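As a plain string of letters, each chain reads:
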Amino acid sequence: MTTHIDPEYQASAIEPQVQQDWENRKIFKVADTVEGKHRYILSMFPYPSGKLHMGHVRNYTIGDVISRFHRLKGESVLQPMGWDAFGLPAENAAIAHKVAPAKWTFENIDYMRNQLKKLGLAIDWDREFATCTPEYYHWEQWLFVQLYKKGLIYRKLSTVNWDPVDQTVLANEQVENGRGWRSGALVEKRDIPMYYFRITDYAQELLDDLDTLKDGWPQQVLTMQRNWIGRSEGMEITFPSVDTNIYADGLMVYTTRPDTLMGVTYVAIAAEHPMAKKAAELNPALNDFIEECRHGSVAEADLATAEKKGIATGLFVKHPVTGEQVPVWIANYVLMSYGSGAVMAVPAHDERDFEFANKFGLNIKQVIDAKGESDADFDITTWQDWYGSKEGQLVNSGEFDGLTFQQAFNAFTEKLAPQQLANKKVQFRLRDWGVSRQRYWGCPIPMINCEKCGQVTVPEEQLPVVLPTDVVPDGSGNPLNKMPEFYETKCPCCGGDARRETDTLDTFVESSWYYARYASPDFTDGMVKPEAAQTWLPVNQYIGGVEHAILHLLYARFFHKLMRDEGVVQGNEPFANLLTQGMVLADTFYREDASGKKTWFNPADVELERDEKGRNLSAKYKADGQTVIIGGQEKMSKSKNNGVDPQAIIDQYGADTARVFMMFAAPPDQSLEWSDAGVEGANRFLKRVWRLTTSFLEKDHSNVEIDTTNLSKDAQDLRRKVHETIAKVADDIERRHAFNTAIAAQMELLNAIGKFDVQSDQDAAVAREAIITLLTLLSPFAPHLSQTLLTQFTIDLTQTILPQVDQSALTRNTQTIVVQVNGKLRGKLEVPVDISKEDLLLQAKALPEVQQFLTGPTKKEIVVPNKLVNLVV
Ligand code: ANZ
Ligand code: ZN
């Protein structure tokens, strides 16, 4: 029709052209403020590690499909992209290759930007930024200063991993089997001052506001957030000291089960508890054990499952109700950082205490029973789940016998509160967020240490504190500590010589507010331009991996509230809707040597034999032609060497195929099994769309409008299919995020068009409408192909909007009616849906195959609308 078009689908020929066109016309650029319907779609930004992996491709394709779909609806869509550019891998690369982290990072960014562009994403590239630029972290430092002044950031000692050979602090992931990753030296613990964000001040709000997200966020993520914040309601109970000369204060415990108070048989404290130190002064033998605990993991999950270890302190406290003496033990399962670092141990009803008591021969006393009678079935050697349940009544508890959990809670409060031995207490598991990192490649903490004045914030007019970029760390400590030109400064308070803070911020800080910066990335007067924040925030749809379900999302939610309280943004939450995409899996292949050591082979290097259903039968390593073992589908990872390089797929089939495959192979929140057969299938689908369209275009159709009153039955059926598909695809994409079924519906439509035989100008008009609709619906998934083909119909995809569902096309215009005589089927009628009852009866009686049974006048005429006519004679 317009230009000549290749009858063969060649992605490599059309994709660069279409992408160039988008760039030339700046199709996806949006303003900081817009009128009318608008939407902010954000996929979690990448760390510039070197090249894109399949997880990125899936993430960005999902975001892009949603973005493009809303563009089709005529909305302004902000879809930005940038780089989470600070972090440890750049320093490791620096050490390995002697290249400055900045150089390494920006080279990776250039490479990956290019890859992203080849994916065909509808991104406003004018908004791109990297978090390692002073223009960005300037405002992070600004916020830090405000929060420090407000008391929302404070400094306290905390324990780090110290490598004595490299003279450096190690991140947890740099410690392997207790040794430094580079030096191999035994890692020590050191206490150094660090900065903390007071996230616990926001714990209740962070918890409460999860309720406002319940329609937009996956249930599972809300639960994970809730558990992480970990609110519990319990009681603080004090066990007075027996010998107040040794330990005056008594021992305060935190418990969520005060109902079990009469079952306490010992009290357990953390190794770091002051009472443990006191006991060790009297009994130096305790020191070894305390020291041993200090070396263990501090992760709570590890503590719960680790072997129970403990030692009696020799000290005793008094039971607050009975006054009986209770022994105090040091136990490795008690955390100093939770509650008061002390636990009233009830071995009968707490599984950890049960294990501990059994190991050390401590008493186990049942005080709760399901039926309220001291149960002969209670077995002190084997734990049963009901022991830990709150359901039941108190037994063996004297005056408290027979009470339920809540009654006991109240009764013990009444009894102990007047003596100041108990009070209700809400406790959060969430800890304040330590943000200091003894690293070079991060945002400098805008603080100055003065011997006279202490910690002083960098004056705002001196921000940003710029990180020098021409530095190659060698792994021995933070290079900033060796750069007087960086750390030597004057105290803003007293004017004396002072030292700049050389620690940098946790990189989670940058990713906590980037979503807001995208609204006005070039703004030079603050974090976000107010009108831009007003327009674009909150993010309407956030998309990312479920591995970020806890920390990243919690920190970003926290930051939004901090920025809100600073007057920078409005609203309480940053992300109205969240989609967590599933993992990408691929086949694994390996060989095993005599010692059981496995060597993993990349799928690209393996030749597969499949059965007719596409199932794997056998596999050979291409290089030697010998068999490898098929290990099943697993998450793509370096350790299993089963990563499939998206670039290879894009090079071979084009971005559109890669996109369609990813979206078709599984619903977005489920794992996606990579399969070459699936990729080929997606490619065949696009080829068929191409061929069908080009062959339609080759014929010289007269260009008439559809006359809906004048369509053949087949044409009406096709039109109905077209409009049903519009409705289904819209619902699938927008409401259900079921991109896979949206594509399936398009495949069905393609089949229907393929079967449709064009016999008239009206037929051609209907086919044309069907093809244009198919291409439009397909465009969020395969934008290059769609744009190229729609151009042939002189339609500019970037300007077009989604066709409206024609309700009249959805109704079937004729219907089939069954005609019975005396209840027996005698004939069928094809009649208009709006036929009158009289006409229907007339036509039924006129059917020759019915007439022969109408032996007399009809006694009864039954009409079931849209279904049947029964004539009784
Ligand atoms: C007595 C008791 C009896 C407990 C019982 C449980 C069951 P959540 O709900 O997670 O807040 N606990 C208190 N402080 C602790 C610490 N520093 N380290 C380890 N455990 C500690 O957990 C509260 C429960 O965890 C508390 O209730 C306490 O044990 C323990 F049948 O007190 B419970
Ligand atoms: Zn000073």
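Keep in mind that what you see is a predicted model, and the values were worked out from it rather than measured.

### Details of the pairing of strand β8 (residues 231–239)
- Within β8, seven of the nine residues are buried, leaving the element largely enclosed by the surrounding structure.
- Where β8 meets strand β16 (residues 422–428), seven bridges bridge the pair, whose relative direction is antiparallel. Bridge pairing in β16 links M235 to K424.
- Pairing between β8 and strand β9 (residues 251–255): five bridges, direction antiparallel. Among the inter-strand pairings, I237 is bridged to a residue of β9, identified as V253.

### Let's talk about the coordination of the zinc ion (ligand 2)
- Protein-derived coordination of the zinc ion (ligand 2) comes from C450 (SG), C453 (SG), C491 (SG) and C494 (SG), at a distance range of 2.2 to 2.3 Å.
- For the zinc ion (ligand 2), the four donor atoms in the first shell make angles of 107 to 112° at the metal, a pattern classed as tetrahedral.

### Things to note about the packing of helix α2 (residues 54–72) against helix α18 (residues 655–665)
- In the contact formed by α2 and α18, the axes pass within 10 Å of each other and the chain directions differ by 90°. When the axis of α2 is compared with that of α18, the two are roughly perpendicular. Residues M54, V57, R58, T61, I62, D64, V65 and R68 of α2 form the contact with α18, whose participating residues are R659, M662 and M663.

### Thoughts on the UniProt feature "short sequence motif: 'HIGH' region" (unreviewed entry) in the chain
- In the numbering used here, UniProt assigns the feature "short sequence motif: 'HIGH' region" (unreviewed entry) to residues 46–56.
- Taken end to end, residues 46–56 has its terminal C-alpha atoms 7 Å apart, with 27% of it in helix and 0% in strand.

### What about the nonpolar core?
- If you look at the biggest cluster of nonpolar residues, it comprises 177 residues, and the most contacted ones within it are F197, Y515, W674, F781 and L785.
- When sequence neighbours within four positions are dropped, the list of residues in contact with F781 reads V65, D656, R659, V660, M663, I733, F739, A742, I743 and Q746.
- Of all hydrophobic cores here, the second largest spans 40 residues; its members include L251, V253, I368 and L416.

### With respect to the pattern of salt bridges
- One pass over the full model with this rule turns up 51 salt bridges.
- Across the salt bridge formed by R720 and E724, the nearest N and O atoms sit 4.0 Å from each other. In this pair, R720 and E724 both sit in helix α20 (residues 713–736), four residues apart, roughly one turn of the helix.
- Exposure remark for E724: the relative accessible area of 36% places this residue in the partly exposed category.
- Where E748 meets K721, a salt bridge forms, and the shortest distance between an N and an O atom there is 2.7 Å. With a gap of 27 residues between them, E748 in helix α21 (residues 739–755) and K721 in helix α20 connect regions that are remote in the sequence.
- On the basis of relative accessible area, E748 is assigned to the partly exposed category, the value being 45%.
- Connected through salt bridges with shared partners, the residues E205, D209, R557, K561, R564, D565 and E573 form a single ionic network.

### Examining the packing of α18 against α21
- Here α18 crosses α21 at 110°, and the two axes come no closer than 6 Å. As far as their axial angle goes, α21 and α18 are roughly perpendicular. Between α18 and α21, the residues in contact are V660, M663 and F664 and F739, N740, I743, A744 and M747, respectively.
- Within the contact of α18 with α21, the residues separate by chemical class into seven nonpolar, one polar and no charged.

### Digging into empty space enclosed by the protein
- Counted by the stated rule, this structure contains four cavities of 30 Å³ or more.
- Roughly 140 Å³ of volume is contained in the largest cavity.
- Together, 19 residues line the largest cavity, and E91, I95, T168, R439 and G475 are the ones closest to its centre.
- For the lining of the largest cavity, the elements supplying multiple residues, two or more each, are α3 (88–97) and β4 (168–170).
- No other element matches the four residues that α3 contributes to the lining of the largest cavity.
- Partitioning the lining of the largest cavity into residue classes produces eight nonpolar, seven polar and four charged.

The rules behind these values
Residues numbered from 1 in each chain as written. Chains lettered and ligands numbered in written order. Predicted model: local features only at pLDDT ≥ 70, side-chain atom pairs only at ≥ 80, totals over all residues. Heavy atoms only, no water. Buried < 20%, exposed > 50% of the residue type's maximum accessible area, 1.4 Å probe, protein only. Helix = DSSP H or I, 4+ residues; strand = E, 2+ residues; numbered from the N terminus. Pairing = 2+ DSSP bridges. Donors = N, O, S within 2.8 Å, 3.2 Å for Na, K, Ca; no water. Tetrahedral: all angles 85-135°; square planar, octahedral: opposite > 155°, others 65-115°. Axes fitted to C-alpha atoms, helices over the stretch in contact; angles between N-to-C directions. Parallel < 35°, antiparallel > 145°, perpendicular 65-115°, else oblique. Contact = heavy atoms within 4.5 Å. UniProt positions renumbered as here; feature names shortened; annotations may be inferred. Core = buried A, V, L, I, M, F, W, Y, C linked by side-chain atoms within 4.5 Å. Salt bridge = Lys/Arg side-chain N within 4 Å of Asp/Glu carboxyl O. Nonpolar A, V, L, I, M, F, W, Y, C, P; charged D, E, K, R; others polar. 1 Å grid on protein atoms, 1.4 Å probe; cavity = no way out; pocket = protein on both sides within 12 Å on 5 of 7 lines; lining within 4 Å. Points joined across faces, edges and corners; volume = space filled by probe spheres on them.

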